[in-house]
Amino acid sequence: MRELKIEAIRNGTVIDHITAGTALKVLSILEVDPEATISLAMNVSSRKYGKKDILKIENMELNEDDVDRIALIAPHATINIIRGGEKVKKFKVELPDTIKGIVRCMNPGCISNVSNEPVERVFYVIDKKTPILKCKYCGREMSEFLDYIL
Ligand SMILES: [Zn+2]
């Protein structure tokens, strides 16, 4: 078995088991300091999923909001928080039952898109695996998010 060799990081976040080929998309929806040192490995062999991507971001610890976003396009991702060279936290991304303020509705006529008053964007997660979201306002179901992530 070939072991992956990426430099270990001392402090920061390692996102592992990203769906192969989507690491750049994951990176694009995270709010990462433009000065941050980032290592990216794509299409790495994975025992579990065949191939996977890995993203390492130095000196940044992801918050829950970031994790929710990742779950939409990389539902198997695991997050490792590294401090002082030690893995202090490891968790899988998991969509909450409700998502607020991260995605906009794909229905252009939806009240959340056309209202003059600011309407909080709310989606119910009706399938956490696929995943599928349902707009609270118009009921539109969505399973493609990349163009709609805010
Ligand atoms: Zn809607």
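Note: the structure precedes this text.
Conventions used here
Numbering of residues starts from 1 in each chain and follows the order in which that chain's sequence is written. Given that the model is predicted, a residue must reach a pLDDT of at least 70 before its local features are reported, and side-chain atom pairs must reach 80 or more before they are shown or counted; all residues, however, enter totals for whole chains, interfaces and linings. Where side-chain values are given, they derive from all heavy atoms of the structure, hydrogens and water being excluded. In this text, helices come from DSSP runs of H or I with a minimum length of four residues, and strands from runs of E with a minimum of two, each type numbered from the N-terminal end. The definition of a polar contact used here is a pair of N or O atoms within 3.5 Å, where within protein one atom must be able to donate a hydrogen and the other to accept one, and adjacent residues in sequence count solely through side-chain atom pairs. The criterion used for residue contact is that any of the two residues' heavy atoms lie within 4.5 Å. One requirement defines pairing of two strands: DSSP has to find at least two bridges between them. Fitting a line to C-alpha atoms yields each axis, with helices limited to the stretch in contact; the angle taken between N-to-C directions then spans 0 to 180 degrees. A 1.4 Å probe rolled over the protein chains alone gives each residue an accessible area, and that area as a share of the maximum for its type sets the label: buried under 20%, exposed over 50%, partly exposed in between. Any N, O or S atom lying within 2.8 Å of the metal counts as a donor, and for Na, K and Ca the limit rises to 3.2 Å; water is left out, so some sites can look incomplete. Between 85 and 135 degrees for all angles marks four donors as tetrahedral; over 155 degrees for opposite donors together with 65 to 115 for all other angles marks four donors as square planar and six as octahedral; every other arrangement is irregular. Every patch collects residues that have over 30% relative accessible area and no salt bridge, joining them within 9 Å if they carry like charges and within 5 Å if they are nonpolar side chains (Val, Leu, Ile, Met, Phe, Trp, Tyr). Residue exposure ignores everything except the shown protein chains as possible cover, and the areas themselves are Shrake-Rupley values with a 1.4 Å probe. By salt bridge we mean one thing: a side-chain nitrogen of Lys or Arg within 4 Å of a carboxyl oxygen of Asp or Glu. When charges are counted, Lys and Arg are positive and Asp and Glu negative, with His and the chain ends excluded. Note on charges: their place is set at NZ of Lys, CZ of Arg, CG of Asp or CD of Glu.

Tracing the backbone through its elements, the reader meets asparagine 107 in the loop between strand 6 (98-100) and helix 3 (111-114). A distance of 2.9 Å separates a polar side-chain atom of asparagine 107 from the backbone nitrogen of glycine 109. Apart from residues no more than four positions distant in its own chain, asparagine 107 is found in contact with Asn113, Cys138 and Arg140.

This part covers the sheet that holds strand 4 (residues 78-83). With antiparallel pairing, five strands are arranged side by side in an open sheet as 2-3-1-4-5. Edge positions in the sheet fall to strand 2 (38-46) and strand 5 (86-92), since each of these pairs with one other strand and no more. Across this sheet, the average inter-strand angle for adjacent strands is 20°, counted without regard to direction. Examined bridge by bridge, strand 2 and strand 3 (residues 50-58) share seven bridges and lie antiparallel to one another. Paired with serine 39 across the strands is lysine 56, a residue of strand 3.

With respect to the secondary-structure elements, asparagine 80 resides in strand 4. Classification of asparagine 80 as buried rests on a relative accessible area of 5%. Not counting chain neighbours up to four residues away, the residues in contact with asparagine 80 comprise Gly12, Thr13, Val14, Asp16, Lys87, Lys89 and Lys90.

Here the focus is the coordination of the zinc ion. The coordination sphere of the zinc ion contains the protein donors Cys105 (SG), Cys110 (SG), Cys135 (SG) and Cys138 (SG), at a distance range of 2.3 to 2.4 Å. Classification of the site at the zinc ion rests on its four donor atoms, whose angles at the metal span 98 to 114°, yielding the label tetrahedral. Motif for the zinc ion, donor spacing along one chain: C-x4-C-x24-C-x2-C. With a gap of 33 residues between them, cysteine 105 in the loop between strand 6 and helix 3 and cysteine 138 in the loop between strand 8 (132-135) and strand 9 (141-142) connect regions that are remote in the sequence.

On the surface, a cluster of positive charge is made up of Lys48, Lys87, Lys90, Lys92 and Lys129. Its place among the elements puts lysine 129 in the loop between strand 7 (122-127) and strand 8.

Moving on, we get to the pattern of salt bridges. If you walk through the whole model with that rule in mind, you get four salt bridges. Across the pair glutamate 61 and arginine 83 runs a salt bridge, and its minimum N-O distance is 2.8 Å. A residue pair is termed long-range when its members are at least 10 positions apart, and glutamate 61 in the loop between strand 3 and helix 2 (64-73) and arginine 83 in strand 4 qualify at 22 residues. Its salt-bridge partner being glutamate 94, residue lysine 128 comes within 3.6 Å of it at the nearest N-O pair. You can see lysine 128 sitting in the loop between strand 7 and strand 8 and its partner glutamate 94 sitting in the loop between strand 5 and strand 6, a full 34 residues away along the chain. When salt bridges with common partners are traced through the structure, they connect Glu94, Asp97 and Lys128 into a single cluster.

Distances and angles like these do not, on their own, reveal function.
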